[in-house]
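# Observations on chain architecture
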Amino acid sequence: MLTRTICAVAVIALSSMPVRAESCADHYQSSGVPLVTGTTHKVWMIFPSVSASAALDRVSRAVLAEGFVDVNVDKALGTLTTQQETTGSGRPQTLRVVVRKEGRGSRVDAVFIMPPGQVAPGIGNNLCRVVDAAGR
């Protein structure tokens, strides 16, 4: 009887604990040395209840809202590519997003590539805002 009571209390305690959902920041990584080498910023997220086509449409709108121009979307491949040049150096920064089917949902991978000599504060937050748009 004591064993059942302990098991019941353990089950209740575990079931009342909040489940930690993964966030975009959990999947963010960057490489390169700012201002010295080019830098690459990557992030990915899985959206289990969003179709790949809906995710691509939402990400496309988010990229436009972030101020990117000349956004190229290939719905057949599930890709989005765009460049921006904000420094006046003539060396563009490139954003590539790939959306693919993952189970019944979709997976969104984004890569932001900056050439040497450039920095962008808050790039992780901005990149996550674009990727998270797939789930909204």
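Our structure's up above, just so we're on the same page.
Computed from a predicted model, the values in this text were never measured in an experiment.

### A closer look at the overall build of the protein chain
Along its length, the protein chain carries 3 helices and 6 strands. Counting over 136 residues, the protein chain shows a buried share of 31%. Counting contacts in the protein chain only where the partners sit at least 6 residues apart, residues at least 24 apart contribute 48% of the total. Counting only carbon and sulfur atoms, one obtains 58% of the accessible surface of the protein chain, whose full area is about 8,500 Å².

### Details of the sheet that holds strand β6 (residues 105-114)
Spatial ordering of the open sheet is given by β1-β2-β6-β5-β4-β3, a layout of 6 strands whose pairing is antiparallel. Since the sheet does not close on itself, it has two edges, and those belong to β1 (29-31) and β3 (69-74), each with one partner. Neighbouring strand axes in the sheet, compared pairwise and without regard to direction, differ in orientation by 15° on average. Where β3 lies against strand β4 (residues 79-84), 4 bridges are found, and the strand directions are antiparallel. Counterpart to Asp74 in the pairing with β4 is Thr79.

### With respect to the environment of Ile46
Assignment of secondary structure puts Ile46 in strand β2 (residues 39-47). Each C-alpha atom, one on Ile46 and one on Ser106, is 5.8 Å from the other, the two residues being 60 residues apart in sequence. With near-sequence residues (within four places) excluded, Ile46 lies in contact with Glu102, Ser106 and Arg107.

Conventions we followed
Residues numbered from 1 in each chain as written. Predicted model: local features only at pLDDT ≥ 70, side-chain atom pairs only at ≥ 80, totals over all residues. Heavy atoms only, no water. Helix = DSSP H or I, 4+ residues; strand = E, 2+ residues; numbered from the N terminus. Buried < 20%, exposed > 50% of the residue type's maximum accessible area, 1.4 Å probe, protein only. Contact = heavy atoms within 4.5 Å. Areas by Shrake-Rupley, 256 points an atom, 1.4 Å probe, with all protein chains shown as cover. Pairing = 2+ DSSP bridges. Axes fitted to C-alpha atoms, helices over the stretch in contact; angles between N-to-C directions.

These results come straight from atomic positions and should not be treated as a statement about function.
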